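Letter by letter, the chains look like this.
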Amino acid sequence: MRARVRVVKIVEIPFNKFIGVEKVILLRKAIMRIQSFLKQMTLAALALFFAIGCSRSTPNLNSSPEARTSSSFRVAMLTTGSKDNQSWDQACFEGLNLIKNKFNAEIDITDSMDGENSEPTIRKYAQSGYDLVIAASGAYSKAAEKVAKEFPRTKFALITTHPGNNRNLGAVAFRSGEVGYLTGALAAMKTKSNKVGYIVGEPYPVYKEEEALFRRGVKATNPSVQPSTAFLNSWVDTEKAIKVATDMVASGVDVLAFNAGEAGLAALKAVSQKPGVLVIGRTKDQYEVAPGKVLTSVLQDIPNLVLNVAVLTQQGRWEGKLYKFGLKEKIYDFAPFRGSLTSQEEDTFKTLREAVTTGKIDVSP
């Protein structure tokens, strides 16, 4: 007997039969909204990740942008003195070369250019499409201010104390009061005649501040010491610098500090030949210029100061204001004393330096 086989027909019933067409539409819309929300959340998380990874808080040379593969970054510089004068201008030129090496930049320099005649040169660089024009002296302030207005897309930098224009013209400078004070203190420690001197190139605000702090450092260390200071109104007038320095020595000054570029170096060489006279050099370690006569030298890391301009520019953080650097950032330092100070004097100087660096001693103007 054959078994009977019952065929059961499976009928496919649409889902909307159970919940209704309108509810299906609403459900589909809700699912689409959830998918859209999840996509937006994913994109927001990625944006936050990249924002955190790319942020910077200070000009950090170690975390600055890497060198470009092509010379699309063009940087020009003007200096008042020769680019190989073993002083300020050469150090600025070394900074320009740091920019070249770090960013694979195309560079150009016009050296021995005085401030009064600098405007056409600054304008020429801007017209030629340079991204950054560095005017390495306060003598260029007026010319840079004028040209910066004409070329708002070009970045301009002064290497001096200047407030900037809050747009495309800014400046980098040293906190000069720090070393002004310490240089004065050191001179007051070592004088035997109770007369010390300080000779500066141009009377720019940054150096007026430094000169005032030199006097303060002298008096704070030894109130009986008389400081004499002079501005040459030049960085290259060697004859004037030598005369001013020798006149100071003739008046009884036996410790002389210099911050006068080429002119100051010539004067340092001249007076260091005088018996009983000690000198404090500037910018580079000038001990070999007059061994046994140079107490120390104020070391200025001018190349890295200049490099900071390019770092800020490449990071998109050049805001047309004044950026200052000093002992804390290791832009300033002092050359070895090489036995010119007693152990007690060295300890005293070390204590003073720490107090200035940490702000325990006020060196504001």
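Scroll up a little and you will see the structure.
My aim in this report is to walk through the structure given alongside it, one point at a time.

So, how was this worked out
Residues numbered from 1 in each chain as written. Predicted model: local features only at pLDDT ≥ 70, side-chain atom pairs only at ≥ 80, totals over all residues. Heavy atoms only, no water. Helix = DSSP H or I, 4+ residues; strand = E, 2+ residues; numbered from the N terminus. Buried < 20%, exposed > 50% of the residue type's maximum accessible area, 1.4 Å probe, protein only. Contact = heavy atoms within 4.5 Å. Areas by Shrake-Rupley, 256 points an atom, 1.4 Å probe, with all protein chains shown as cover. Pairing = 2+ DSSP bridges. Axes fitted to C-alpha atoms, helices over the stretch in contact; angles between N-to-C directions. Left-handed = near helix turned anticlockwise from the far one by under 90°. Nonpolar A, V, L, I, M, F, W, Y, C, P; charged D, E, K, R; others polar. Polar contact = N/O pair within 3.5 Å; in protein donor to acceptor, adjacent residues only side chain to side chain. Phe/Tyr/Trp six-rings, centres within 6.5 Å; stacked < 30°, edge-to-face > 60°. Right-handed = clockwise from strand over helix to strand, strands pointing away. Expected span 1.5 Å × (residues − 1). Salt bridge = Lys/Arg side-chain N within 4 Å of Asp/Glu carboxyl O.

Looking only at helices and strands, one finds 11 helices and 12 strands in the protein chain. With 365 residues in all, the protein chain has 47% of them scored as buried. For the protein chain, the share of sequence-separated contacts (at least 6 apart) that also reach a separation of at least 24 residues comes to 70%. About 19300 Å² of surface is accessible on the protein chain, with carbon and sulfur atoms providing 54% of the total.

Turning our attention to the sheet that holds strand β8 (residues 255–259). Strand order in the open sheet formed by 6 strands is β7-β6-β8-β9-β10-β12, and the pairing between neighbours is mixed. Whereas interior strands pair on both sides, the edge strands pair on one side only; in this sheet they are β7 (226–231) and β12 (332–334). Neighbour-to-neighbour, the strand axes of this sheet turn through a mean angle of 15 degrees, independent of strand direction. Alignment of strand β9 (residues 278–283) against strand β10 (residues 294–300), held across 5 bridges, turns out to be parallel. From the neighbouring strand, Gly281 faces β10, where its bridge partner is Ser297.

The next subject is the packing of helix α6 (residues 176–190) against helix α7 (residues 205–221). Between α6 and α7, the shortest axis-to-axis distance is 6 Å and the interhelical angle comes to 35 degrees. Where α6 crosses over α7, the handedness of that crossing is right-handed. From α6, Ser176, Gly177, Val179, Gly180, Tyr181, Thr183, Gly184, Ala185, Ala187, Ala188 and Met189 reach across to α7, where they touch Val206, Glu209, Glu210, Leu213, Phe214, Arg216, Gly217, Val218, Ala220 and Thr221. Its residues assigned to classes, the contact of α6 with α7 comprises 11 nonpolar, 7 polar and 3 charged.

Here the focus is the environment of Phe325. If you trace the backbone, Phe325 turns up in strand β11 (residues 322–325). Put simply, Phe325 and Val172 are 153 residues apart on the chain and 7.7 Å apart in space, counted from C-alpha to C-alpha.

Tracing the backbone through its elements, the reader meets Thr357 in helix α11 (residues 343–358). Separated by 28 residues in sequence, Thr357 and Glu329 have C-alpha atoms that sit 9.7 Å apart. Beyond its immediate stretch of four places on either side in the chain, Thr357 contacts Leu327 and Lys328. At 2.8 Å, the side chain of Thr357 forms a polar contact with the backbone oxygen of Arg353.

Tallied over the full model, the rule gives 10 aromatic pairs. Here Trp318 and Tyr323 contribute two aromatic rings whose centre-to-centre distance is 5.4 Å and whose plane-to-plane angle is 25 degrees, an arrangement assigned as stacked. Plain terms: the ring middles of Phe334 and Phe349 are 5.1 Å apart, the flat faces sit at 85 degrees to each other, and that makes the pair edge-to-face. Here Phe334, found in strand β12, pairs with Phe349, found in helix α11; they are 15 residues apart in sequence, far enough to count as distant. Summarising the burial analysis for this pair, Phe334 and Phe349 share the class buried.

Here we take up the environment of Phe337. Within the secondary structure layout, Phe337 lies in the loop between β12 and α11. Between the alpha carbons of Phe337 and Ser297 there is a distance of 8.7 Å; along the sequence they are 40 residues apart.

With that out of the way, let us pick up the pairing of strand β4 (residues 155–159). Put simply, side chains in a regular strand alternate between the two faces of the sheet. Burial analysis of β4 places 4 of its 5 residues in the buried class, which makes it a mostly covered element. Two strands pair when backbone bridges link them, and strand β3 (residues 132–135) and β4 are joined in this way by 4 bridges, in the parallel orientation. Across the sheet, the residue bridging to Leu132 is Lys155, located in β4. Handedness of the crossover joining β3 and β4 through helix α5 (residues 141–150) is recorded here as right-handed. Note: β4 against strand β5 (residues 169–174), 4 bridges, orientation parallel. When the sheet's bridge partners are listed, Ala157 is paired in β5 with Gly170.

This next bit is on helix α3 (residues 88–103). Here α3 spans 23 Å end to end across 16 residues, near enough to the 22 Å set by a 1.5 Å rise per residue. Residues of α3 that are buried include every one of Trp88, Asp89, Gln90, Ala91, Cys92, Phe93, Gly95, Leu96, Ile99 and Phe103, and no others.

With that settled, the discussion passes to the sheet that holds strand β2 (residues 106–110). Sheet architecture is open: 6 strands sit in the order β2-β1-β3-β4-β5-β11, paired in parallel fashion. Both outer strands of the open sheet, β2 and β11, are each paired with one neighbouring strand and no more. Along the sheet, successive strands turn relative to each other by an average axial angle of 20 degrees, direction set aside.

All chains considered together, the criterion is met by 15 salt bridges. For Glu94, the salt bridge is made with Lys284, and the minimal N-O distance between the two is 3.6 Å. Of this pair, Glu94 sits in helix α3 while Lys284 sits in the loop between β9 and β10, and the two are 190 residues apart along the sequence. Overlapping salt bridges bring together Glu119, Arg123, Lys146 and Glu150 as one network.

Moving on, we come to helix α10 (residues 302–314). Between its terminal C-alpha atoms α10 stretches 19 Å, which fits the 18 Å expected from 13 residues at 1.5 Å a residue. Buried residues dominate α10, accounting for 12 of its 13 residues. For α10, every residue scored as buried is listed here: Ile302, Pro303, Leu305, Val306, Leu307, Asn308, Val309, Ala310, Val311, Leu312, Thr313 and Gln314. A positive phi of about 75 degrees marks Gly316, the residue just after α10.

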